[in-house]
Amino acid sequence: MGQMIREICLVSIICSVACNLAPAGAVKSIMRICCSVVLMLLIINPLSEFDFELYANSLARYRELEEQMNLDAENNKQRLNRLVIEDEYRTYIMDKAKENGLELIDVHIGLEWSSQGFWIPCELTLMSHEKAGKITDFSRIMVRELGIGEEKIIWQRPN
């Protein structure tokens, strides 16, 4: 592209000098027309060398890359969204346990993507030293509050 611009500038200077040196009258008019034609041909020349197939292939490749980047961005958004929601559920469960006098050591939440387009809890693993009565009561609260089936709530004791 830079080479083409240099050529156009050089030919323009030569044409300008030629037009100024031409005698007045019909010769000067013909010189102006010839110089204009030469400059237009020089400008149009790169279009004849343009590789439309290469351009089409490049355009298709860039569209594929754009689509892949959009998919990657959507996947990253979904993954980050899941991490945030998982953390919010964890905080909610820990706060609810404290509210009910239960000490939890660790909470693991399994999430699944719902058909409505958001993450919902599907399983829960809780770690605590608490007695069976408190654990059963808290399990019922989690079933009621989060909609997780009681069979999907797993209690573990630390080693």
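What comes next is a walk through the structure. In this text the structure is predicted, and so the values were computed from the model without any measurement.

Quick look at the overall build of the chain now. For the chain, the count of helices and strands is 4 helices and 3 strands. Of the regular secondary structure in the chain, the N- to C-terminal order runs α-α-α-β-β-α-β. Relative to the globule expectation of 15 Å for 159 residues, the C-alpha radius of gyration of the chain, 37 Å, shows a markedly less compact shape. Across its three principal directions, the C-alpha atoms of the chain cover 115 × 30 × 25 Å. For the chain, buried positions account for 22% of its 159 residues. The contacts of the chain with a sequence gap of at least 6 include a subset with a gap of at least 24, amounting to 55%. Once the 17 positive and 23 negative side-chain charges of the chain are each reduced to a mean point, those two points are 4 Å apart.

With respect to the helices and strands, Cys19 occurs in helix H1 (residues 2-21). In the structure, Cys19 is positioned 14 residues away from Ile33 in sequence and 9.8 Å away in space, judged by C-alpha atoms.

Time to look at the side chain of Glu86. Along the chain, Glu86 falls in helix H3 (residues 52-99). Judged by its relative accessible area of 13%, Glu86 falls in the buried class. Discounting chain neighbours no more than four positions away, the residues touching Glu86 are Ile109 and Leu111.

Conventions and cut-offs
- Residues numbered from 1 in each chain as written.
- Predicted model: local features only at pLDDT ≥ 70, side-chain atom pairs only at ≥ 80, totals over all residues.
- Heavy atoms only, no water.
- Helix = DSSP H or I, 4+ residues; strand = E, 2+ residues; numbered from the N terminus.
- Rg over C-alpha atoms; globule rule 2.2 N^0.38 Å.
- Buried < 20%, exposed > 50% of the residue type's maximum accessible area, 1.4 Å probe, protein only.
- Contact = heavy atoms within 4.5 Å.
- Lys, Arg positive; Asp, Glu negative; His and termini not counted.
- Charge placed at Lys NZ, Arg CZ, Asp CG, Glu CD.

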